[in-house]
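Structure at a glance
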Amino acid sequence: MVCARSPRSMAGGESNMGEIETEPIRPKVTDAKGILKQNREFLDFFWDIAKPEQEIRLQAIENLVQYLKNSEKEDELRYTLKRLVEGLAATRETARPGFSLALAQVLQVFEDVPLQSVLDQIKEKHDPQKVKKKLVRNAAFGNFFGVLSLSQSGRLTKEPRVVLESVQLLQSLAQFREHLKDLPRKTMVDILSETPEAVFEEVLLGALKSDLSSAFSTPEQLHLLLVAIQRFPGVLKPKKLKNLLGASSVVTADNIPKLVEVLKTAAKSVKKDRTMPPVGLDLLKVALKENSFDLFWKEAVINGLLKDQLGPSSYMCYRLLGSALPLLSFSQLKCVLGGEVMKHYGEHVVTAQLPDRFKFAPEMESYVDSFLEGCPDPEKQFAVMVAFSSLTNQGYPVVPSYWKVVRHLQLPVLLRYVDWLKDMFSNPQLDTCMDFSTKRQQQNQEKGDRTQHCVFRLRKWIVPRLISIVDNPLVKKEEDLVMDIARFIFFHAFFKVVKSNPVIPETESSLAVPLDEQTRSVIANSFFGLLQHLNHLPLMGDSPEVAALNERHVQGVTADGTLWIFCIVQYASVLLSQSKHVQAARPFSKEQREAWDRMLQSVEALHKKAKKSQNMETAAFQQLFLLVGIHLFKTPEESVELINDLQNCLENAQEKKSKKKKATASSEESEEPQWVEVMVEILLTLLSQPSRLMRQVSKTVFGRMCPHVTQRALQIILDVLDPEKDEEESGVVVTDQKDSRKQKKEKKPADNEEEEGEGSDSSEEDSDSSDDEEGGGGEEDEDDEEKEKVNENFRLELMKVLQGKNALDMEGAESDEEELDDDTMMELDQNISALFSEQKKRIQAKKDEKENMRKEKVLVRDFKIKVLDLIEVFLSKQAESPLVFGIIEPLLGIIEGSMGSESSQQEQDFLRKTADIFRNQLCKTKRYCRNVSDRKDELHELMERLLTRAQKQADSSVSLYYFSAALYLVRVLKGNASDTPAATPAGKSKKQKKVEAETSPTDQSMCVGSLDKERVAALFQAALTDFMTRRKSALSGAMFIDLFIRFPILCVQLLESAVRYITEGVRQHQQGQACALVQKALQMREVRQSMTDTEWTELIGRAVGQVTECLKTVTGFKVKVDQEKVIQCLELTRFLIRTAQQQKLAVSVTELGPVLESLSQLEGFRKSGHVDDTYWNVMKLLGFSKPKKEKVKKPAAEEQQTAPKKKKKGFLPETKKRKNRKKVLVEEGKPSEPGQGADWEGKQGKNNKNKNKRKQAEAGMGERNWPAKKGKFQSGNKPKNKKGKQQRGGVE
């Protein structure tokens, strides 16, 4: 093969050896097989087939077949078959499948090729008896892949004799099981599955008789029998099986022990693959066919495999259970799902929850999912769902509450399943469940009412399961089902049944086990999680109208447009009106009931108003009323006051719109807060609660009321985010919210647990546990000071106690312990114990106080992150409002304050979100306030403050945000030419406007608008001066380049200063940045068009002079800053020279030549390739050409001296290695040693190492600092003597 790969290398092999000295001597190649005469393209196919990449192999096979079709040469086809047969036994494992597939494709396409000849060729080429012992494995694989290729060709069944010989060949490969595993048996099964019944009966049956008779020996032989029984039932009749097996059927009582052993062996064989062995599934099918499934399941599976207590056997039982689901009848299904295998699987699911345990639950879920998807029988679907839902561990089902398989249930089955869940909630039938307890649970089980505990766990699972049906978008459901589930959960969360009433279906089924407070709390939290899902629920139905609304992402409403929460409020109103039949778990007080009625009246009025005209404000009020009203059932006191505030807001909003407003209202408006301000405070109150639903609704409502937001309302939000008011106001917003609402209740730690636990909502709202590690060195110092004070106070108190009982003599006199009697000592011990106890309580109280402060700080920060949502909504909805300008400085204050604060994850999230809002929603937005003529002075002052703050920053990243804000204000003040009414007359079409915009871009970029050009230019001039003249300036050149690109009108004003700072910059960096600024400015078309030809020529001349003076100051290239400066200067110089030459300007560049020539003579000039390339690009423009370097080859001795070989670490020194006298290493370029023969010319043995070192030292290499350990090999007589002996031996 190697010869065929490179035939050209042998052409004139010996004649070229003198020309290429570095190539090794290639062996002489003979062309015994005539391979070198083949086509180059043709031979490459076989090399690609052997490559490990599958895509390359497949493409090569396809190309080979196509090539053979087009060529139609028999010799090439014969060579192909010969080459492919040889490749079947390739040493590389990845090559064998490629050659096998290629042979199968060739045989499939060229049907004239007889399979018998190919099989004979395979047997002859890969005969294990004739090959060497080390090639027996390859020969076995060659035979196997050869038969496999014949089978894959699709022609094997057409030639019975070849089929017989192939099967016999596979049988002979059984002795190579250590290499081939069970591959031959699997291939035999594949051949049987494709063989016709007549061929099997006439040809194969006799050959396979021994294998079929010993079917219970191995899983492969049993699988072969099972496949034959299913494939050829007319041949393997009971009478025939009686002759083969001694029994007319496979699954019999006598055969059960044998089958169990075979199944155990099969289970162990697939332990790593974690799959179902084929023999198990086929045995299950044969048992069903023989009507012996009950015997097989009871004796072989339950009493056989399951009692083995080994992992592979247990997992095989689970796989048999999952695989049997679509094959069983209804009665068999009920039997299997209620048996020991199911219970054993449940125990596995519970115990496998520990880490590093194999979990079979996902695989079982895939079995159930495929069964439900393909099962048309509703009874079977319902039976499987009930069986898995009834598999409980102390009342709690082992399947998850959110189970994806529910999506395949038919609608009648889904309705029936929901009814079953509700019935199990009301009347838990634990005796119908397959309940179990693990050994640890049985040991830790406390004495008590176990039934009550199981019922609580079952109900705790049923409610999330019902919610998951609503939440899963793939489940086909109707609005009636969703409303039925919502009513059921709401009723049992907040109401109790007094008497049955047909109007209320939930009252018809009384609770067999009453609900306790803990269960009601769990259901209530789940209900508000359901509200969150309903708020995002898309429309249900298949009508075109529903599809159109779903494309518009209409969510949270029914098909008729009614809010889901409104439907629930109406249902709650019905329940409250039926006091004889239903009673609230926490009855409303008179004040709370009045608030509920007022809420209903307001919602009804808003609902009627919304039908007449759609209004965002009306929808916002309606949704907020409904949300706060439904929270009356959970937090009644707080919700009552919120409803009152909402009522006042609604009245004020309607009064403001009314034209009947009195004239005195304007004076009162400045004193009393407007309705928008009160609404903002209400939204902040809702945001302070750990509820995802509250957060989402608050964002939605605020987005709808954004057009009505005033400056004072926006300032309320900004005050929450103000870092300076953190300690005064922010803490009050979160922790003392109830106090501000006249609810002076002590906050208990348990309140956090009683908040809404909306499933996954807690992960978004709660703070990260990583925030526990907060604080810096300052807090540690304070802790040390407090400890010192505590220790001193404690020491004084301890001394007082000891002095009181004369246990301590202050005057230093000797004290006798025996003078204290026992009573005094006991009293002293009690006093000291009390003192230490008080000290311990005092320390714990301080720790608790610090922990509470830390938690409060986390809550405040989390609350601020939520408040940022309102800012983001306002900027996206009202980007053109002038109120946006009041947000700039507060956001920058947050960024500046958070940049240098603690580095906790929550603080980083807060900073990241603030910066993202500032950058994307404010600075980069395409919408901004167009009419700023009445506030341009205010915006100019704001710009001045921003630029001043940008210059005073210590961090360049913070300065960038301030500078970006200033550029945003420039864009707002400048505006566009299209913003002014005079710019686009009404009579012009859009096409004309577009043409004008394209033909006069300078008018667009150079328009002034409300911008005070001189004032703004002076501000940026001061900033540029600060950057160029101050060493530690926070500004950067990229900021001013951005300014020049975006606003050419200011670029013209600052260009002269930038040219001046090419030489006057305080450091090399500033001078290089000045060059970059000037180059960017001169490249802009607007700058050129704003000048006359004379002004432009003078500007180019001044720039050339400045660059020349700057290059004169260069003294070297020692540091990177010098290189960057020179590169910027050279780039600008190239642009100036090219511009002067192209535009034929009267600019003298004669002085540049000598300066540039002297530049190349400086030290370190050629260290940077970038500097060298840029330099010669400039010199070419001046008429200089880069000299060509003459490559001078160094002598070999000098190369050896300059670059000695480094000794490899970790290897044996050369002097310690054994020398082979017959081998001599060839080293080119070495001078011959004196005293040695001609054979040593240009060569040097390993034993000359020390002598070479001495010669290198004499040639000037002695100054190198060699490692000390090498010195011991250079001195001493012993190594020299060895060396002399070796040399003498070599000469002899």
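**Some details on unusual backbone geometry**
With phi around 60°, Asn-291 is a residue other than glycine that occupies positive phi space. As for its position among the elements, Asn-291 is in the loop between helix H16 (278–289) and helix H17 (293–305). You can call Asn-291 exposed: its relative accessible area is 74%. Of note, the phi angle at Lys-1144 is positive, near 55°, even though the residue is not glycine. Mapping Lys-1144 onto the fold places it in the loop between helix H55 (1120–1143) and helix H56 (1152–1159). Judged by its relative accessible area of 73%, Lys-1144 is exposed.

**Brief notes about the nonpolar core**
Core analysis: the largest hydrophobic core is formed by 345 residues, its most contacted members being Phe-296, Phe-490, Phe-702, Ile-888 and Phe-1020. Broken down by element, this core gets its largest block of residues, 12 residues, from helix H46 (residues 956–974). Each residue touching Phe-296, except ones within four places of it in the same chain, is listed here: Val-251, Leu-263, Leu-283, Leu-284, Ala-287, Val-301 and Leu-320.

**Here we look at the side chain of Thr-187**
Along the chain, Thr-187 turns up in helix H10 (residues 183–194). Judged by its relative accessible area of 3%, Thr-187 falls in the buried class. A distance of 2.9 Å separates a polar atom in the side chain of Thr-187 from the backbone oxygen of Leu-183. In this structure Thr-187 touches Phe-144, Leu-148 and Leu-170, once residues within four positions along its chain are discounted.

**Some thoughts on a negative patch on the surface**
On the surface, Asp-937, Glu-941, Asp-1012 and Glu-1014 cluster together into a patch of negative charge. The class of Glu-941 is partly exposed, set by a relative accessible area of 42%.

**A few points about the packing of aromatic side chains**
The full count for this structure, using the stated rule, is 37 aromatic pairs. On the basis of an interplanar angle of 25° and a centroid distance of 5.3 Å, the ring pair of Phe-42 and Tyr-67 is categorised as stacked. Here the residue Phe-42 occupies a position in helix H2 (residues 40–49), and Tyr-67 occupies one in helix H3 (residues 54–71), the gap between them amounting to 25 residues. The buried category is assigned to Phe-42, whose relative accessible area is 0%.

**Brief notes about the confidence of the model for the protein**
Regions with low pLDDT should not have their predicted coordinates read in detail. Residues with a pLDDT of 70 or more make up 77% of the protein, whose mean pLDDT is 77. For the protein, the element scoring lowest by mean pLDDT is helix H1 (residues 2–5), at 37; helix H22 (residues 378–389) scores highest, at 94. Every residue in residues 1–27 is under pLDDT 50, and counting partners more than four places away or in other chains gives 25 contacts. Under a pLDDT of 50 for its full length, residues 1223–1292 has, in the predicted model, 60 contacts with residues more than four places off or in other chains.

**Describing the pattern of salt bridges**
Applying the stated criterion across every chain yields a total of 36 salt bridges. Linking Lys-422 and Asp-419 is a salt bridge whose minimum nitrogen-to-oxygen distance equals 4.0 Å. Of this pair, Lys-422 and Asp-419 both sit in helix H23 (residues 411–426), three residues apart, which is roughly one turn of that helix. The exposure class assigned to Asp-419 is partly exposed, which follows from its relative accessible area of 44%. Its salt-bridge partner being Glu-677, residue Arg-712 comes within 3.5 Å of it at the nearest N-O pair. With Arg-712 in helix H36 (residues 711–721) and Glu-677 in helix H34 (residues 675–687), this pair connects stretches of sequence that are 35 residues apart. Where salt bridges share partners, they join Asp-419, Lys-422, Asp-484, Arg-487 and Glu-506 into one cluster.

Conventions used here
- Residues numbered from 1 in each chain as written.
- Predicted model: local features only at pLDDT ≥ 70, side-chain atom pairs only at ≥ 80, totals over all residues.
- Heavy atoms only, no water.
- Helix = DSSP H or I, 4+ residues; strand = E, 2+ residues; numbered from the N terminus.
- Buried < 20%, exposed > 50% of the residue type's maximum accessible area, 1.4 Å probe, protein only.
- Core = buried A, V, L, I, M, F, W, Y, C linked by side-chain atoms within 4.5 Å.
- Contact = heavy atoms within 4.5 Å.
- Polar contact = N/O pair within 3.5 Å; in protein donor to acceptor, adjacent residues only side chain to side chain.
- Patch = residues over 30% accessible without salt bridge, like charges linked within 9 Å, V, L, I, M, F, W, Y side chains within 5 Å.
- Areas by Shrake-Rupley, 256 points an atom, 1.4 Å probe, with all protein chains shown as cover.
- Salt bridge = Lys/Arg side-chain N within 4 Å of Asp/Glu carboxyl O.
- Lys, Arg positive; Asp, Glu negative; His and termini not counted.
- Charge placed at Lys NZ, Arg CZ, Asp CG, Glu CD.
- Phe/Tyr/Trp six-rings, centres within 6.5 Å; stacked < 30°, edge-to-face > 60°.
- pLDDT = per-residue confidence, 0-100.

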